[in-house]
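Descriptive structure summary
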Amino acid sequence: MATPTLPRPTPSGAPMVATEGPTRPGGPGDGGPAGSLAPPRRGARWLGRLLAGAQLSLAALAVLGIGPFVATLLVGRSALWWPSAQWLFVAGLAGGAAAGAWVLAARTVVGTPRRRLQDTAWPALALLPSSLAGLAVYGDEASHHIAVGYPAARESLLAYTAVAFATAQAGFWLATLARRMSPGGELPGQRPDAGVATGGEAPAGEGTKGGGWGSAAPVALGAALAIYLNAAVFLQWLPRQSDLLVNLRGARDLQQGILPYHDAIPVWADRVHLLPATLVLLFGPLARLPQDAAGLLFFLGNQALWLLAMALLVWRLAPPGQRPFWLAAALVFGGTYWPWQEAIRYGQQDGLLIFLFVLSITSATTAAAGTGQRAAGMALGLALVVKPLSIWLPLCYLIHGRWRALAMAGVTGAALALATLPVTGWEPWGHFLGVELPAMLPGTVRGTNIPLPSLHARMFVGREALGNGEPAPTLAIISALNGAANLLGLLLVGHLALRRSGTAAGRRRDWLLDASLGLTLTLLLAPMAWQHYASWLCIAFFVLALPGVWRPLGRGARVASGALAGSAYFLLSLEDSRLLRLLSPLVERWPAALAFYTAGLLCLAAALVITRFAVPREA
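Now for a description of the structure that goes with this document. Since this is a predicted model, take the numbers as computed values, not measurements. (Residues numbered from 1 in each chain as written. Predicted model: local features only at pLDDT ≥ 70, side-chain atom pairs only at ≥ 80, totals over all residues. Heavy atoms only, no water.)

**A short note on the overall build of the protein**
Broken down by element type, the protein carries 26 helices and 0 strands. With 619 residues in all, the protein has 56% of them scored as buried. Carbon and sulfur atoms make up 68% of the accessible area of the protein, which amounts to about 24,900 Å² in all. (Helix = DSSP H or I, 4+ residues; strand = E, 2+ residues; numbered from the N terminus. Buried < 20%, exposed > 50% of the residue type's maximum accessible area, 1.4 Å probe, protein only. Areas by Shrake-Rupley, 256 points an atom, 1.4 Å probe, with all protein chains shown as cover.)

Pasting the structure below:
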């Protein structure tokens, strides 16, 4: 069987716990003596009731809709009012299994019947995408035709539903077991308010002398630096940096008054997805240099910015006495993490982007400091210009009351856009917003496109579509799957806003985890995010490893979070061409088998959610 080839486009994006009740005042924000902009008690109660009602209603919709969906796939579409006996039997079996699992879960908690169903609703939410897809299959003829008549699509949808249901059930019962083994979610004698070191201060009780490891620090740091330099500099020297070359050509075109967007080439073919006219600000200075000099300067500058980002991350967040070892761990991570290595190879500006994310997130950690908020906003605004993102990361700034940072980000982005006009004029902006952006929004099924919408689309295409330049198909069933995923993301963000710690250390912990989750959701739910975008998630892995982040967890939550984070690192680091060769027999029949990168994002999101919520409410 021939191995399918995927021409790589050269690019230019869990379980929930219901938490009702009053939220402590003093949440992080811009104002007040403690930097508090937490919702008032009445507002928190209102938000809690709203989220609880939404969660219960969506879970009920998921359970009610899963039966017709499974029956339609297995039996075929039947009249709703006069269904066939076979259709009715299959629908009852599937819906009964989902409802029975929910009722059984509700028996493990105490409270009123409504409260018990509400507290155990989140496993049923895993079925929401499939249930909404069932509405599309029933109401849209094209979706029904391909979902029922194309065996690979039908089998992929059934597997998707079964895996989602089984994973949610396994997660619930393992969480129940862990809770019973470790009541309260704490280890004996552990501090519930173990925080994250910021601003050069160690958490209370943290040693500042490196735990007696000081003599080994130079050796560990030297060995790690050697590993990184060998993997990321020596073995890469000098990469072709094909994406950089196209970006430089685009900047030269803009400087000469030429549109750099080549519409003769299909948008998902071998073509860089160029930035808007801000491209001229980022690559314009390099474009004036000879090509070899520009490539060398970009390569070394990208490396320097990544190293600076890791140093800043360690300096601001790691325990002071252990900083050499944290920096050594970051260097080893960078030398072995495939998305960062791919970003180096293709000449993507991810070193700059990671530095801006680190600067923004760590500057916003101390929310009451006006200077820190301005720095956080400027860095976020620059990052949005370097790589336009979805709403998920800025939304985390919003729910934590980082108003000044968001305002400064908007001002920075607008100022940079206006700064391009003397060079480019309005035409490139009009073309990008009117032609380029709409063409990119549907996404693509290419194997190196890692978000969940790409996986949804692969269920409805043949193997040959994985290597062409066409966008993802526009079917109602795909829109339903994507819409349900985004709805669950918003529900999760709502819970983040509601579940707030009352201590300063706890608020810092919440912010770092939520910002990391915002980055992860940005890649998971965007229409387009290539594998090298996952290099940004080195921030999330670093945050999960911080002592002040994992110490408040019980044993079961620690094991679950660690296993999921390790799985995410493994899956996201799989080299794409080798993976495709290994998966060739599966991909020939089921293109949706190219789901390993998406699974890695889901694993990381789940690790962050567990770490965020599996702590006592007082932590």
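**Some words on the side chain of T424**
Relative to the helices and strands, T424 resides in helix α17 (residues 403–424). Aside from chain neighbours lying at most four places away, what touches T424 is L254, A277, V280 and W429. (Contact = heavy atoms within 4.5 Å.)

**Examining the pattern of salt bridges**
Under the criterion given, the structure shown has 6 salt bridges. One salt bridge connects E155 with R589, and the closest N-O pair in it is separated by 3.0 Å. Of this pair, E155 sits in helix α7 (residues 151–181) while R589 sits in helix α25 (residues 576–589), placing them 434 residues apart in sequence. Residue classification places E155 among the partly exposed positions, given a relative accessible area of 27%. Residue D510 is joined to R612 by a salt bridge in which the shortest nitrogen-to-oxygen separation is 3.5 Å. Pair noted here: D510 is in helix α21 (residues 504–525) and R612 is in helix α26 (residues 596–613), with a separation of 102 residues, a long-range link. The residues D510 and R612 share a single accessibility class, namely buried. In the salt-bridge network here, residues are joined through shared partners; they are D510, D514 and R612. (Salt bridge = Lys/Arg side-chain N within 4 Å of Asp/Glu carboxyl O.)

**A short note on unusual backbone geometry**
Notably, Q241 is not glycine yet its phi reads approximately 55°, a positive angle. Within the secondary structure, Q241 is located in the loop between α8 (217–234) and α9 (242–255). The exposure class of Q241 is buried, given its relative accessible area of 4%.

**Remarks on the packing of aromatic side chains**
One pass over the structure, following the stated rule, counts 16 aromatic pairs. Relative to W173, the ring of F172 has its centre 5.1 Å away and its plane inclined at 85°; by these criteria the two rings are edge-to-face. In this structure F172 comes out as buried when scored by relative accessible area, which is 5%. Here W237 and F299 contribute two aromatic rings whose centre-to-centre distance is 5.5 Å and whose plane-to-plane angle is 90°, an arrangement assigned as edge-to-face. Of the two residues, W237 sits in the loop between α8 and α9 while F299 sits in helix α11 (residues 291–317), which places them 62 residues apart along the sequence. The class for F299 is buried, based on a relative accessible area of 2%. Members of the aromatic cluster, each reached through a chain of ring pairs, are F333, Y337, F541 and Y569. (Phe/Tyr/Trp six-rings, centres within 6.5 Å; stacked < 30°, edge-to-face > 60°.)

**So, the packing of helix α22 (residues 538–545) against α26**
The interhelical angle for the contact between α22 and α26, taken along N-to-C directions, is 35°, at an axis separation of 11 Å. α22 and α26 meet at a crossing whose hand is left-handed. Across from A540, F541 and L544 in α22, the residues of α26 making contact are L604, A607, L608 and T611. (Axes fitted to C-alpha atoms, helices over the stretch in contact; angles between N-to-C directions. Left-handed = near helix turned anticlockwise from the far one by under 90°.)

**A closer look at the environment of W338**
Within the fold, W338 resides in helix α13 (residues 338–346). It is 7.4 Å that separates the C-alpha atoms of W338 and L572, two residues lying 234 residues apart in sequence. For W338, the residues in contact, after removing those within four places along its chain, are R345, Q531, S573, L574, E575 and D576.

**Notes on helix α14 (residues 350–363)**
When the terminal C-alpha atoms of α14 are compared, their 19 Å separation across 14 residues agrees well with the 20 Å that a helix rising 1.5 Å per residue should span. For α14, the buried fraction is high: 13 of the 14 residues fall into the buried class. (Expected span 1.5 Å × (residues − 1).)

**Some remarks on α25**
Look at α25: 19 Å from first C-alpha to last across 14 residues, which is about the 20 Å you get at 1.5 Å a residue. The largest bend in α25 comes to about 70°, at L583, with the proline P585 one to four residues further on. Among the residues of α25, D576, L579, L580, L583, S584 and V587 are the ones counted as buried. (Bend = angle between axes of the 7 residues up to and from the residue.)

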